[in-house]
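One letter stands for each residue in the lines below.
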Amino acid sequence: MEEILERLRELAEDVATPLELPDEEQLVTAQEELLLPIPRDFRYYLLTASDVIYGHLEPATIADPHLHTYLPEMAATAWSYGLPRYLLPICEINAGYYCIDPDGVVLLWEKGELSEKQWDTLWEWIAEVWLEE
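Here the structure is a predicted model, which is why all the values come from computation and not from measurement.

A. Representation of helix H5 (residues 122–130). Among all positions of H5, only Leu122, Trp123, Trp125, Ile126, Val129 and Trp130 are buried. Across the axial projection of H5, the buried residues extend over an arc of 160°, all falling on one side. Residues of H5 that are buried in the fold lie against helix H1 (2–11), helix H3 (40–48), strand E1 (88–93), strand E2 (96–100), strand E3 (106–110) and strand E4 (113–119).

B. Representation of H1. Turning to H1, its buried residues number three or more, namely Ile4, Leu5 and Leu8. Down the axis of H1, the buried side of the element spans an arc of 100°, and every buried residue falls inside it. For H1, the exposed residues set more than 90 degrees away from the buried face come down to Glu3, Glu6 and Glu10. Next to the buried residues of H1 lie H3 and H5.

C. The state of the cysteines, seen in detail. Using the criterion set out here, one finds 0 disulfides in the structure. Free cysteine: Cys91, not disulfide-bonded; nearest cysteine sulfur from Cys99 at 11 Å. Residue Cys99 is classed as buried on the basis of its relative accessible area, which comes to 0%.

Rules of the game
Residues numbered from 1 in each chain as written. Predicted model: local features only at pLDDT ≥ 70, side-chain atom pairs only at ≥ 80, totals over all residues. Heavy atoms only, no water. Buried < 20%, exposed > 50% of the residue type's maximum accessible area, 1.4 Å probe, protein only. Helix = DSSP H or I, 4+ residues; strand = E, 2+ residues; numbered from the N terminus. Arc of directions from axis to C-beta. Contact = heavy atoms within 4.5 Å. Disulfide = S-S within 2.5 Å.

As structure tokens, then:
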């Protein structure tokens, strides 16, 4: 996990308006809006690395409710498209979402269906998908 976070930080792009990391209060607010607990690894990512901008994927954030990546809004949209309510989207893609289940397994939901593709942890998804895109 730490190695993946370190690599993510190394690859982070410098941008004119950087993202901010959230605090615990913003995390609690997001969970209250979602009415679901955020899985442990996803919580850790949100608090420590959700300010990283890299490549063309834009994972969910919780520090600024006005961003299009704001997790509660992303979830509301994904659920309205049919993503099962127990899943939280972590990243929107053209035909769907990468999402995380309550046990921390990352799944691909596209074209209205769960794909057979899955990653055992968020860190595995970051290493194999986000950092390789």
